[in-house]
Amino acid sequence: MNVSAPDQAEQALTACQQHAEALGMAFGRGELLARHTTFRIGGPADLYVTATTVAQLAALVRLANDHAAPVTILGGGSNILVSDAGIRGVVINNATRGF
């Protein structure tokens, strides 16, 4: 049985969400990126996750890549303009410090 592209994308997001939850990471589906940019613009992320350690960041990027899920990494949100359509895939807020 073939799995459609939308089903594969949803499976990838679900796998990433479950992994983030298991690692105790804050996450949300449909999180408005306007809340995370200095210009206060931007539509929803399919999955928004905050990584607070380098290990969490690396693990989530690896998992998303293993599932062919698009990954976007945000820093402070000051040098990005996000469309009202949002960002597909996994958006990772890089909240790691001191590395």
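Here, every reference points to the structure presented above.
What comes next concerns the included structure. (Residues numbered from 1 in each chain as written. Predicted model: local features only at pLDDT ≥ 70, side-chain atom pairs only at ≥ 80, totals over all residues. Heavy atoms only, no water.)

1. Examining the overall build of the chain
- Helix and strand counts for the chain come out as two helices and four strands.
- When the helices and strands of the chain are placed in sequence order, the string is α-β-β-α-β-β.
- A compact globule built from 99 residues would reach a C-alpha radius of gyration of about 13 Å, and the chain, at 13 Å, matches this within 12%.
- Each principal axis of the C-alpha atoms in the chain carries an extent, and together these give about 45 × 30 × 15 Å.
- For the chain, the proportion of contacts with a sequence separation of at least 24, taken over those separated by at least 6, is 57%.
- For the chain, the exposed surface amounts to about 5,700 Å²; the carbon and sulfur share of it is 55%.
- With 6 positive and 7 negative side-chain charges, the chain shows a spacing of 10 Å between the two charge centroids. (Helix = DSSP H or I, 4+ residues; strand = E, 2+ residues; numbered from the N terminus. Rg over C-alpha atoms; globule rule 2.2 N^0.38 Å. Contact = heavy atoms within 4.5 Å. Areas by Shrake-Rupley, 256 points an atom, 1.4 Å probe, with all protein chains shown as cover. Lys, Arg positive; Asp, Glu negative; His and termini not counted. Charge placed at Lys NZ, Arg CZ, Asp CG, Glu CD.)

2. Overview of the side chain of E31
- Mapping E31 onto the fold places it in the loop between β1 (26–29) and β2 (45–51).
- Reaching out from E31, the side chain makes a polar contact with the side chain of H36 at a distance of 2.9 Å.
- Residues in contact with E31, not counting those within four places in the same chain, are H36, G43, P44, A45 and Y48. (Polar contact = N/O pair within 3.5 Å; in protein donor to acceptor, adjacent residues only side chain to side chain.)

3. Side note on the nonpolar core
- Formed by 15 residues in total, the largest nonpolar core has its most connected members in C16, M25, L47, V49, L60, V90 and I92.
- In terms of nonpolar packing, the next biggest core, distinct from the first, is built from seven residues, Y48, L74, V82 and V91 among them. (Core = buried A, V, L, I, M, F, W, Y, C linked by side-chain atoms within 4.5 Å. Buried < 20%, exposed > 50% of the residue type's maximum accessible area, 1.4 Å probe, protein only.)

These values are about where atoms sit, not about what they do.
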